[in-house]
Amino acid sequence: MYYSWVILSLISALTLATSDALTKKALCKWNEYVVAWLRLIFSLPLLFVTLLFIPLPGLDKYFYIAFFMSLPLEILSIVLYTKALKLSPLSLTLPFLSLTPLFLIFVSYVILGEKVSLWGGLGILLIASGSYTLNISKIKQGLFEPLRAITREKGSILMIGVAFIYSITSSLGKMAIEHSSALFFGATYFTAVAFIFTPIALFKKRGGSVPSMGRQLFPHALILPGIFYSLMVVSHMVAMSIAKVAYVISVKRMSLLIGVFYGYLFFKEKNIRERLFAAALMFIGFLMVVNAA
């Protein structure tokens, strides 16, 4: 069924938002680099299991080009993403990931030759306008006050950078999948990411609070984020193998609505109404993009 990619993308959205919320909880106590590294490590067992059920695909130069170009960008995005989660509320950082489809208008065309229709372009612009209304309550102080508020929120700025990087890595990931297979790329890619990120995490842990191998920590604070992250990777990669990258990313950004809800429910974040409106506005744009498929 062609629209199975929508279901897979929604599963990816739910598991990503859940992993983010659990990760943010762990970040309240421990070093952000170690937490990000352990989330990767605990995602690997399930990814390794998927390799047992798939044949080894034939690999060509385009796979290796996409694979190795993505790795340093992925490492950078993990660092920025984790810092954003630690510095700012979920409801004020995660919605900026909706800017990825906006960047994809140009990036996916350059890398994959994908073109966006007029209707899809309007939807993406609506997503961008939603990010402007994240601080709509401050507009009484001036028309451009919401933009100035964004610049004062460090986590939001970092997440905008992550959104741009994701537009590149998503396009390169799609290329790698086309020249291998979804599950093979997902398992091997994130194994490489975890391997490269290990010395960074071990170096950056100095001066921060580091978790120990205690019974109280691992079952709740770190294993679960890794499990949900692995489920996100699997569903994301399979969806990418079925549909165009812009459509998958658009539906996957439903995670921002779930993230805003988690921020209110578990972290008692304020101004939830104005941020939910902004997130909903962005999601309407997502729907327009998907309908343009």
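Report on the accompanying structure. (Residues numbered from 1 in each chain as written. Predicted model: local features only at pLDDT ≥ 70, side-chain atom pairs only at ≥ 80, totals over all residues. Heavy atoms only, no water.)

Attention now goes to the environment of methionine 237. Relative to the assigned elements, methionine 237 resides in helix α11 (residues 218–242). A residue is classified by how much of its surface remains accessible, and methionine 237, at 5% relative accessible area, is buried. As a C-alpha pair, methionine 237 and serine 12 span 225 residues in sequence and 9.3 Å in three-dimensional space. Excluding its chain neighbours within four sequence positions, the residues that come into contact with methionine 237 are Ile177, Ala182, Phe185, Gly186 and Phe190. (Helix = DSSP H or I, 4+ residues; strand = E, 2+ residues; numbered from the N terminus. Buried < 20%, exposed > 50% of the residue type's maximum accessible area, 1.4 Å probe, protein only. Contact = heavy atoms within 4.5 Å.)

Counted according to the given criterion, the structure contains 14 aromatic pairs. Ring centres 5.3 Å apart and planes at 80° place the aromatic pair phenylalanine 63 and tyrosine 64 in the edge-to-face group. Plain terms: the ring middles of phenylalanine 185 and tyrosine 189 are 4.9 Å apart, the flat faces sit at 25° to each other, and that makes the pair stacked. One end of the pair, phenylalanine 185, and the other, tyrosine 189, are both in helix α10 (residues 182–204), four residues apart, so they sit about a helical turn from each other. Here phenylalanine 185 and tyrosine 189 have matching classes, each one buried. Within the aromatic cluster, the residues linked to one another by ring pairs are Phe63, Tyr64, Phe67, Phe68, Phe184, Phe185, Tyr189, Phe190 and Tyr229. (Phe/Tyr/Trp six-rings, centres within 6.5 Å; stacked < 30°, edge-to-face > 60°.)

Now for the nonpolar core. Grouped together as the largest cluster of nonpolar side chains are 72 residues, with contacts concentrated most on Trp5, Leu40, Tyr81, Met159, Phe185, Phe190 and Phe197. Once residues within four sequence positions are removed from consideration, phenylalanine 197 is found in contact with Tyr33, Ala36, Trp37, Leu40, Ile75, Ile78 and Val79. Counting residues in each nonpolar core, the second largest holds ten residues, with Ile127, Ala279, Phe283 and Phe286 among its members. (Core = buried A, V, L, I, M, F, W, Y, C linked by side-chain atoms within 4.5 Å.)

The next subject is the environment of leucine 231. Along the polypeptide, leucine 231 turns up in helix α11. According to the relative accessible area criterion, leucine 231 is partly exposed, its value standing at 36%. Along the primary structure leucine 231 and serine 12 are separated by 219 residues, whereas in three dimensions their C-alpha atoms are 7.1 Å apart. The residues touching leucine 231, leaving out its near neighbours within four places in the chain, are Thr15 and Leu46.

Checked against the element boundaries, serine 180 lands in the loop between α9 (154–178) and α10. On the basis of relative accessible area, serine 180 is assigned to the buried category, the value being 16%. Apart from the residues lying within four places of it in its own chain, the contact partners of serine 180 are Pro57, Gly58, Leu59, Phe63 and Phe185.

It is worth spelling out the packing of helix α6 (residues 100–112) against helix α12 (residues 245–252) at this point. With their axes 10 Å apart at the nearest point, α6 and α12 run at an angle of 160° to one another. Judged by the angle between their axes, α6 and α12 are roughly antiparallel. Here α6 runs over α12; the crossing is right-handed. Of the residues in α12, those touching α6 at Thr100, Pro101, Leu104, Ser108 and Leu112 are Val245, Ala246, Ile249 and Ser250. (Axes fitted to C-alpha atoms, helices over the stretch in contact; angles between N-to-C directions. Parallel < 35°, antiparallel > 145°, perpendicular 65-115°, else oblique. Left-handed = near helix turned anticlockwise from the far one by under 90°.)

What follows deals with helix α13 (residues 255–267). With 13 residues, α13 extends 17 Å from end C-alpha to end C-alpha; this agrees with the ideal 18 Å at 1.5 Å per step. Turning to α13, its buried residues number three or more, namely Ser255, Leu256, Leu257, Ile258, Gly259, Val260, Tyr262 and Gly263. Lysine 268 lies just past α13 and shows a positive phi near 55°. (Expected span 1.5 Å × (residues − 1).)

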